[in-house]
Amino acid sequence: MGSFKNSVFILVLHLLEGALSDSLIQLNNNGYEGVVIAVDPNVPEDETLIQQIKDMVTEASPYLFEATEKRFYFKNVAILIPQNWNTKPEYVKPKLETYKNADVLVAEPNPTGNDGPYTEHMGGCGEKGSKIYLTPGFLAGKKLLQYGSQGRVFVHEWAHLRWGVFNEYDNDQKFYLSNRRKKPVICSATISGKNVLQKCQGGSCVTQTCKSDRVTGLYEKGCEFIPDEVQTEKASIMYSQNIRSVVEFCTEKNHNKEAPNQQNRKCNLRSTWEVIQDSEDFKKTTPMTTQPPKPTFSLLQIGQRIVCLVLDKSGSMTIGDRLKRLNQAGKLFLLQTVEQGSWVGMVTFDSAAYVKSELVQINSATERDTLTRSLPTAASGGTSICSGIQSAFTVIRKKYPTDGSEIVLLTDGEDNAISSCFNEVKQSGVIIHTVALGPSAAQELEELSKMTGGLQTYASDQVQNNGLMDAFGALSSGNGAVSQRSIQLESRGLTLQNSQWLNGTVIVDSTVGKDTLFLITWTTDTPQILLWDPSGKKQDGFLVDTHIKMAYLQIPGTAKVGIWKYSLQARSQTLTLTVTSRASSGTLPPVTVTSKMNKDTGKFPSPMVVYAKIHQGALPILRAKVTALIESVNGKTVTLELLDNGAGADATKDDGVYSRYFTAYDTNGRYSVKVWALGGVNTDTQKGIPQQIGAMYIPGWIENGQVKWNPPRPEINKDDLQGKQVCFSRTSSGGSFVASNVPKAPIPDLFPPCKITDLKAKIQGDSLINLTWTAPGDDYDHGRAHKYIIGISTNILDLRDKFNDSLQVNTTDLIPKEANSEEVFVFKPENITFKNGTDLFIAVQAVDKVNLKSEISNIAQVSLFIPPETPPETPSPSLPCPDININSTIPGIHILKIMWKWLGELQLSVALG
């Protein structure tokens, strides 16, 4: 494939700044435009919800404006209303706005009662998040005490979404030691409050002062920092926007760099404001001198799906059975993928365009079959992509406006005139999904999907990889209820020698089974096809089309739950198997797998990241076996195991998002991405408690010196989460990406080990330090690093900024393990003062065999705490144990700390003088 035109690449890269999300947001003169807030189809119709969304954004806008030093505000917001709500004159049709590219989703809580707002964030520090999740209960103000006003919370979540900053609290570690003092994990450090414990028994609760743990020197389990309701501290929004005085982000000056929170771990001790200052948004704005206008809102209602297939039938489609493969994949889309009630039209093109079918509404199998007979059967002529697109516009406009309609464009050819209709495409409001077939498809093709928010896919001529089936199978609507979407269970292919068999199994789990389709293709002769259901009953009735070389069987009703077995036999040819299904019920959410790359273009030697999100509703599926298959335009395939371990490319452990770096570039051009996910007996898959990045649930407030506890955070029923194995098989297309700057072989090693992000340290015995972390690789998270450098310091900033000058630990005996293994290293600090009360900061750097170094790890901290000698106990039964609740902040009153072994730690206020 020829080299890409520079102008194309500049445009592509410009379009892809921060391309982790599919968002339509534009920043225009300090105002955010094109923000999409979507209401999930499962939310019952309630007009007050729309007003609550408007109120939230209207309140958030001036708060955001002041918090960002008059730089940003919300200018216009589109609210996406489900198709199943009643229509109203003020509801208009969306253009490019879809559930897929929505920035905020309002959905029912799952599990019930879990109304906490959160942001899905797959990337690292400074990288945009994917989506904000809110519930109707939250928007209705049911959690005001725990989270604060909806507008303030929205600004907290917006900072996660737009600028990739993290929380400055930590639910797992609420206190830490610094200079022998116990400190709460807060930011800024001058937020005032008390450290207390609530003990409940038999329906009554008492508040107690926290006791110290004599081993760790920290507070006992259950101790909480409760902030004062009235205070003057202004920072920080990423700690708690709920505190009334908080109106700013932490800056370099007031950021608490020692606090063991996500922001420090992920962002190298930088404050949230420093990260925001590094963003593209910040760099292209200056503070406003006037007050911003209030946000405006548009109400958009999803309509019926309107899609027109635009299919290449030029002469090059005769190469390698491409036309037959187009017919096979087209049949999959028409028979299975496209949803009931959708309107479908068809246009073919060579050097001109031909209308094969006007828009037809799919109400039954009859319309589906009629449309399959319109698929092109002969190929000849040149390639005029714009003719095909313009003809599709005409087909759609005969019945509907083009706004929000879709075009599926498949081509295998070059077309120098493709850019001539770009402006018309932009004006049309049509979403274009592109399928590039073979190595010579027009280089500018992806621009059409990028400018319209469509899916971009690539299918090679390697039939056994089943790429064309995967591309068309991925084209289910993103706008309907998830129960209506086609779900791919299996996609396999194999080139058989002599009279070999292709044997395998497909799991039909209880969350799917409706509209189940088994589809087989071959390249020369009809194979022997054997299929058995979980009870062992042989399935007959495959419909065979010898002309386009495919056979399919639609299982009536709901397919039996369990393991389906297949055996396919053929002589010296390539076979493929595709299995799709739909949700078994409208109320039980199906297990879904969605996969994507972190960006649409890869520029060597920058690594790409593959993501696969596996959820059932809002609950993550843990411990699945997830594999990505990445195929280059050369036909070379690379297999990666994706992990949810919170290390390497994976941002958060156990959040149901599985990730891995991709560095195995072999050529410039297109790469396709496909993910297999398997859950079952061997992988101990089970639903987990969501690990969420969102606003803090405040346990209570101090009002007039008294602790006022909020209701406890709803406990998730552990019985619902544990021990339920979810056996399933899924396949998902991750679309495609385009690589550039890849040198000719041999490709040099320019990939360092990835940054260690989960370094933990603890004291072992009297003076040893125990370190644990996940091993990086030689190339990011692949292979094995050559060695580790461990630096220690008593100054956290010196360690970060002058790591090479820090005291280095002897690591001669530390041999790196294979990437993603657990490393454990125990050492005794030498040549540094390490006595009672010493705070020691530790970081690790990995080095590969060509001496490329990783970034330094997150900085771990240990504090040497030697418990005081325990005096011999003398019984003193007469001594009272008063329950004292004292406000220690009254002026003129000092604190005496009295340590009584039998009382724990008791603070008495004594007026002196």
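What counts and how
- Residues numbered from 1 in each chain as written.
- Predicted model: local features only at pLDDT ≥ 70, side-chain atom pairs only at ≥ 80, totals over all residues.
- Heavy atoms only, no water.
- pLDDT = per-residue confidence, 0-100.
- Contact = heavy atoms within 4.5 Å.
- Patch = residues over 30% accessible without salt bridge, like charges linked within 9 Å, V, L, I, M, F, W, Y side chains within 5 Å.
- Areas by Shrake-Rupley, 256 points an atom, 1.4 Å probe, with all protein chains shown as cover.
- Salt bridge = Lys/Arg side-chain N within 4 Å of Asp/Glu carboxyl O.
- Helix = DSSP H or I, 4+ residues; strand = E, 2+ residues; numbered from the N terminus.
- Pairing = 2+ DSSP bridges.
- Axes fitted to C-alpha atoms, helices over the stretch in contact; angles between N-to-C directions.
- Buried < 20%, exposed > 50% of the residue type's maximum accessible area, 1.4 Å probe, protein only.
- Parallel < 35°, antiparallel > 145°, perpendicular 65-115°, else oblique.
- Nonpolar A, V, L, I, M, F, W, Y, C, P; charged D, E, K, R; others polar.

## Digging into the confidence of the model for the chain
No. 1: On average, residues of the chain score 90 in pLDDT, and 90% of them are at 70 or above.
No. 2: Throughout residues 1-20 the model reports pLDDT below 50, and contacts reaching past four residues in sequence, or to other chains, amount to 41 contacts.
No. 3: Here residues 682-686 is modelled with pLDDT under 50, and outside its nearest four sequence neighbours on either side it reaches 24 contacts, counting other chains as well.

## Quick notes on a nonpolar patch on the surface
No. 1: Judged by side-chain polarity, Leu768, Val824 and Val826 come together as a nonpolar surface patch covering roughly 200 Å² of accessible area.
No. 2: With respect to the helices and strands, the residue valine 824 is situated in strand 43 (residues 822-827).

## Side note on the sheet that holds strand 17 (residues 353-361)
No. 1: Spatially, six strands are ordered 17-16-15-18-19-20 in an open sheet, and the strand pairing comes out mixed. Of all strands in the sheet, those bounded by a partner on one side alone are strand 17 and strand 20 (456-459). The sheet shows a mean angle of 15° between the axes of neighbouring strands, direction not considered.
No. 2: Here strand 19 (residues 431-437) pairs with strand 20 via four bridges, running parallel. Bridging from a neighbouring strand, valine 435 pairs with threonine 457 of strand 20.
No. 3: Running at roughly 155° to strand 19, helix 14 (residues 445-452) makes contact with strand 18 (406-411), strand 19 and strand 20 of the sheet.

## Notes on unusual backbone geometry
No. 1: The step from phenylalanine 604 to proline 605 runs through a cis peptide bond, and the omega angle for that step is 5°.
No. 2: Along the chain, the position of proline 605 falls in the loop between strand 28 (601-603) and strand 29 (608-616).
No. 3: At the junction of alanine 745 and proline 746, the peptide bond is cis and its omega measures out at 0° in the coordinates.
No. 4: On the secondary structure map, proline 746 appears in the loop between strand 38 (728-740) and strand 39 (760-764).
No. 5: At asparagine 30, a position not held by glycine, the phi torsion is positive, near 75°.
No. 6: Within the secondary structure, asparagine 30 sits in the loop between strand 1 (26-28) and strand 2 (31-33).
No. 7: When its relative accessible area of 11% is taken as the criterion, asparagine 30 is described as buried.

## Structural notes on the packing of helix 10 (residues 322-337) against helix 11 (residues 365-372)
No. 1: It is at 9 Å that the axes of helix 10 and helix 11 come closest, and there the two elements cross at 170°. With respect to each other, helix 10 and helix 11 are oriented roughly antiparallel. Where helix 10 approaches helix 11, its residues Lys331, Leu334, Leu335 and Gln336 are matched on the opposing element by Arg368, Asp369, Leu371 and Thr372.
No. 2: Residues that form the contact of helix 10 with helix 11 fall into these classes: three nonpolar, two polar and three charged.

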